[in-house]
Amino acid sequence: MAEFEEVSRKSKLHPKPTGLKLQYGTAGFRTTAKHLDHVMFRMGLLAVLRSKKTRSTIGVMVTASHNPEDDNGVKLIDPMGEMVALTWEEYASQLANAEQEELLHSLNDIVKKETIDMSQEARVIVGRDTRPSSESLSRAVFDGVQCLGSHFHDYGLVTTPQLHYMVYCQNTQGSATLEDYYKKHSQAFLHLTKNAPVHANAQRRLLVDGANGIGALKLRELEAFLQKQLLVALFNDGSTGKLNHLCGADYVKVQQKPPQGIQMEVGERCCSFDGDADRIVYYYTNSDGHFHLLDGDKIATLISTFLKELITEAGLDLQVAAVQTAYANGSSTRFLEDTMKMTVVCTKTGVKHLHHAAQKFDVGVYFEANGHGTVLFSRAAEEQIHQLAKSPDITNEKKHAIQLLDNTVNLINQTVGDALSDMLLIEAVLAVRGMGVQDWDAMYTDLPNRQLKVKVADRRVISTTDAERRVVSPAGLQEAIDKLVAKYQQARSFVRPSGTEDVVRIYAEADTQESADALAHEVSLAVYNLAGGVGEEPKPLKL
Ligand code: 16G
Ligand code: ZN
């Protein structure tokens, strides 16, 4: 094809290292930045094809999220702001792995399989995080888009959820600016909080760890729209520290300790973003120096309880469901099911699984324990809420509830988990309910838990079922886990092959930290022995 001549010429400027194989995984491509130039160029090409196919604007985000600064990555964003469709993930891998001389063939193959009309216009929008490699890598994306004769718009430095939102707005409203994003979210926040009681427990100041990344930059921009209704003390803003190094949501969640560089007083409410600001976790320390983490499960509980109460107060008949993964703390599941009488669904790990499950409900609140999550409202539910909010003849009590609900809908970025909008929502709920971070934490008590990993020769020998909660193969492993779990109180454990690292992950929870640690260790031994462990045998944890 004539269109491809330019591709042939330009692709030589973005050569693929021979033999390099990469997989479009749960979070797109992700590896050391120096191996990604050809991938970026090719994702520019693929975004054009996807845009022609869907006759919509497609997004390309250059980021490696919580990975170290020297890594990078890329993700495609579909027309409604969601993750790219599964078949196209496969095309992405196919195109990225085609050797130099196979590239045109691979491209043609996709055009044929998808019967793409190459004369169709295409539009691609691009964003990037603050990594030193991101600017030149995004230029490789532009090259890919341009050599298929298509247009791109560069949003430059944006958070991942901001770009998702821009894609959505382009395709539904025909335009999208960052200013609109800030205005929409800040106005909803200001409406929600304007009549909030000034409660003794609800201190206004929030300490934010920006992970030395894009979230810090964008929080500064957002602040200008918040009319001092939220006082933010920003740490790790990128001016000195390294991206994600000893800070950020992933560090805090995994290490269960505060990030470096934050100065927190006892009881002060703090939160951490990850490197592209699509995750958030909260925490504080109490007077005996104990660190308390409020992770995605606690966030989901706070938000779904708030929504359910408002829906009831407003007299609406809408089903609120919570979507979790196997990593959700057992206490959170019990609280939602038994106390809040909510439907709780468990899916496989990975945002897209949770997102799809949440779409099935009137109101679907989904969060991974790691802090990625949002709320989805069905179109009908949103319509009902907006209509009732406009209705003149309802009681004052109902009016109050429905207006809060209406503003809550506007505050949420429904395309994907968004640290900035989640933060505003959490802050608004705490303010409206007059709650301090300790009150929120007291909704339920987490079961002590432990996560470990084990290296095996081939992690694909482990297959799971029931949303990764049970092992199917290798034979005998599930029985071994069941026996170990039976030794402890309130215990649960599961294992799964990681989607992002060459390891098997182990999760265990029990009534005490000692038991959770012991169970996690025993289960790792079972994995090591029954699933082909390599290297040293897992050792017991030292407390
Ligand atoms: C990716 C996923 C995240 C998941 C994590 C699990 C997206 C955008 N991100 O970061 O949702 O929790 O992988 O990693 O889907 P693992 O398979 O290594 O445990
Ligand atoms: Zn992220």
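What counts as what
- Residues numbered from 1 in each chain as written.
- Chains lettered and ligands numbered in written order.
- Predicted model: local features only at pLDDT ≥ 70, side-chain atom pairs only at ≥ 80, totals over all residues.
- Heavy atoms only, no water.
- UniProt positions renumbered as here; feature names shortened; annotations may be inferred.
- Helix = DSSP H or I, 4+ residues; strand = E, 2+ residues; numbered from the N terminus.
- Rg over C-alpha atoms; globule rule 2.2 N^0.38 Å.
- Buried < 20%, exposed > 50% of the residue type's maximum accessible area, 1.4 Å probe, protein only.
- Contact = heavy atoms within 4.5 Å.
- Lys, Arg positive; Asp, Glu negative; His and termini not counted.
- Charge placed at Lys NZ, Arg CZ, Asp CG, Glu CD.
- Pairing = 2+ DSSP bridges.
- Axes fitted to C-alpha atoms, helices over the stretch in contact; angles between N-to-C directions.
- Core = buried A, V, L, I, M, F, W, Y, C linked by side-chain atoms within 4.5 Å.
- Salt bridge = Lys/Arg side-chain N within 4 Å of Asp/Glu carboxyl O.
- Arc of directions from axis to C-beta.
- Donors = N, O, S within 2.8 Å, 3.2 Å for Na, K, Ca; no water.
- Tetrahedral: all angles 85-135°; square planar, octahedral: opposite > 155°, others 65-115°.
- Near = heavy atom within 4 Å.
- Polar contact = N/O pair within 3.5 Å; in protein donor to acceptor, adjacent residues only side chain to side chain.
- Nonpolar A, V, L, I, M, F, W, Y, C, P; charged D, E, K, R; others polar.
- Phe/Tyr/Trp six-rings, centres within 6.5 Å; stacked < 30°, edge-to-face > 60°.
- Expected span 1.5 Å × (residues − 1).

An unreviewed UniProt entry annotates the protein chain as Phosphoacetylglucosamine mutase originating from Chanos chanos. In its Sequence similarities (unreviewed entry) section, the UniProt record describing the protein chain reads: "Belongs to the phosphohexose mutase family." Of the comments in the UniProt record for the protein chain, the one headed Catalytic activity (unreviewed entry) reads "N-acetyl-alpha-D-glucosamine 1-phosphate = N-acetyl-D-glucosamine 6-phosphate".

**Here's the deal with the overall build of the protein chain**
In terms of helices and strands, the protein chain carries 18 helices and 19 strands. Its C-alpha radius of gyration of 24 Å places the protein chain within 12% of the 24 Å reference for a compact globule of 543 residues. Viewed in the frame of its principal axes, the protein chain has a C-alpha envelope of about 70 × 65 × 45 Å. Classification of the 543 residues of the protein chain by burial places 59% in the buried group. Put simply, of all contacts in the protein chain between residues at least 6 apart along the chain, 71% involve residues at least 24 apart. Seen as two clouds, the 58 positive and the 69 negative side-chain charges of the protein chain have centres 2 Å apart.

**With respect to the sheet that holds strand E4 (residues 123–128)**
The sheet built from five strands is open, its strands ordered E1-E3-E2-E4-E5 with mixed pairing. Sheet topology places strand E1 (29–32) and strand E5 (151–157) at the edges, where each strand pairs with a single neighbour. Strand-to-strand twist across the sheet, computed as the mean angle between neighbouring axes with direction ignored, equals 15°. Both E1 and strand E3 (residues 71–77) contribute to a ladder of four bridges, which runs antiparallel. Following the sheet pairing, Phe29 is matched in E3 by Val74.

**Some details on the nonpolar core**
In terms of nonpolar packing, the biggest core is built from 83 residues, with Met423 and Trp440 touching the most fellow members. Looking at which element gives the most residues to this core, the answer is helix H15 (residues 419–433), with ten residues. Apart from residues no more than four positions distant in its own chain, Trp440 is found in contact with Tyr282, Leu294, Lys298, Ile299, Leu302, Ile426, Leu430 and Met435. Val60, Trp88, Leu107 and Val145 belong to the second-largest nonpolar core, a separate cluster that totals 44 residues.

**Some details on the environment of Leu178**
Within the secondary structure, Leu178 sits in helix H7 (residues 178–193). Note on Leu178: relative accessible area 17%, which makes it buried. Excluding its chain neighbours within four sequence positions, the residues that come into contact with Leu178 are Val158, Gln162, Met166, Lys218 and Glu221.

**As for the pattern of salt bridges**
Enumeration according to the criterion identifies 30 salt bridges in this entry. Salt-bridge contacts for Arg433 lead to Glu309; the nearest nitrogen and oxygen are separated by 3.0 Å. Remark: Glu309 occurs in helix H10 (residues 296–313) and Arg433 occurs in helix H15; sequence separation between them is 124 residues. Residue classification places Glu309 among the partly exposed positions, given a relative accessible area of 32%. In this structure, Asp502 engages Lys455 in a salt bridge whose closest nitrogen and oxygen atoms are separated by 3.9 Å. Of the two residues, Asp502 sits in the loop between strand E18 (492–497) and strand E19 (504–509) while Lys455 sits in the loop between strand E15 (449–454) and strand E16 (463–465), which places them 47 residues apart along the sequence. You can call Asp502 partly exposed: its relative accessible area is 39%. By relative accessible area, which is 44% here, Lys455 ends up partly exposed.

**Comments concerning helix H17 (residues 477–486)**
Side chains that are three or four residues apart share a direction in an α-helix, a result of its 3.6 residues per turn. Burial in H17 covers these residues: Leu477, Gln478, Ile481, Leu484 and Val485. All buried residues of H17 project into a common sector of 125° when viewed along the axis, lining one side. Set apart from the buried face of H17 by more than 90 degrees, the exposed residues are Lys483 and Ala486. Buried-residue contacts for H17 involve strand E17 (470–473), E18 and helix H18 (513–530).

**Focus on the coordination of the zinc ion (ligand 2)**
Tetrahedral metal sites with four donors have an ideal angle of 109.5 degrees; octahedral sites with six donors have ideal angles of 90 or 180 degrees. Ligation of the zinc ion (ligand 2) by protein atoms is provided by Ser65 (OG), Asp274 (OD), Asp276 (OD) and Asp278 (OD), these donors lying 2.0 to 2.1 Å from the ion. Coordination at the zinc ion (ligand 2) comes from four donor atoms whose angles at the metal span 86 to 173°, giving a geometry best classed as irregular. Of note, the zinc ion (ligand 2) draws all its donor residues from one chain, in the sequence arrangement S-x208-D-x1-D-x1-D. Here Ser65, found in the loop between strand E2 (57–62) and E3, pairs with Asp278, found in the loop between strand E8 (270–273) and strand E9 (280–285); they are 213 residues apart in sequence, far enough to count as distant. Look at Asp278 and you get buried, because its relative accessible area is 6%.

**Points about the UniProt feature "domain: Alpha-D-phosphohexomutase C-terminal" (unreviewed entry) in the protein chain**
According to UniProt, the "domain: Alpha-D-phosphohexomutase C-terminal" (unreviewed entry) feature falls on residues 474–524. Note that residues 474–524 is 43% helix and 24% strand, and that its end C-alpha atoms are spaced 14 Å apart.

**Focus: the site of ligand 1**
As a structural note, the neighbourhood of ligand 1 is formed by 14 residues, with Glu368, Ser498, Gly499, Thr500 and Arg505 the closest of them. Note that an oxygen atom of ligand 1 is positioned 2.5 Å from one of the side-chain N or O atoms of Ser498. When the residues that make up the shell around ligand 1 are grouped by side-chain class, the tally is three nonpolar, seven polar and four charged.

**Considering the UniProt feature "active site" (unreviewed entry) in the protein chain**
Taking the numbering used here, the UniProt-annotated feature "active site" (unreviewed entry) corresponds to Ser65. Apart from residues lying up to four places away in sequence, Ser65 is in contact with Arg30, Asp129, Arg131, Asn244, Asp274, Gly275, Asp276 and Asp278.

**Some points on the packing of aromatic side chains**
Counted by the stated rule, this structure contains 13 aromatic pairs. When the ring of Phe335 is compared with that of Tyr444, the centres are 5.8 Å apart and the planes differ by 35°; the resulting orientation is tilted. You can see Phe335 sitting in helix H11 (residues 330–339) and its partner Tyr444 sitting in the loop between helix H16 (437–441) and E15, a full 109 residues away along the chain. Per residue, the accessibility class of Phe335 equals that of Tyr444, and both read buried.

**Topic: helix H5 (residues 134–146)**
Taking 1.5 Å as the rise per residue, H5 with 13 residues should run 18 Å; its terminal C-alpha atoms sit 18 Å apart, in good agreement. Among the residues making up H5, those that are buried are Ser134, Leu137, Ser138, Ala140, Val141, Phe142, Asp143, Gly144 and Val145.

**Focus on the side chain of Ser332**
Structurally, Ser332 can be placed in helix H11. Accessibility expressed as a relative area gives 0% for Ser332, which makes it buried. Contacts of Ser332, omitting those with residues within four sequence positions, involve Asp297, Thr301, Gln324 and Tyr444.

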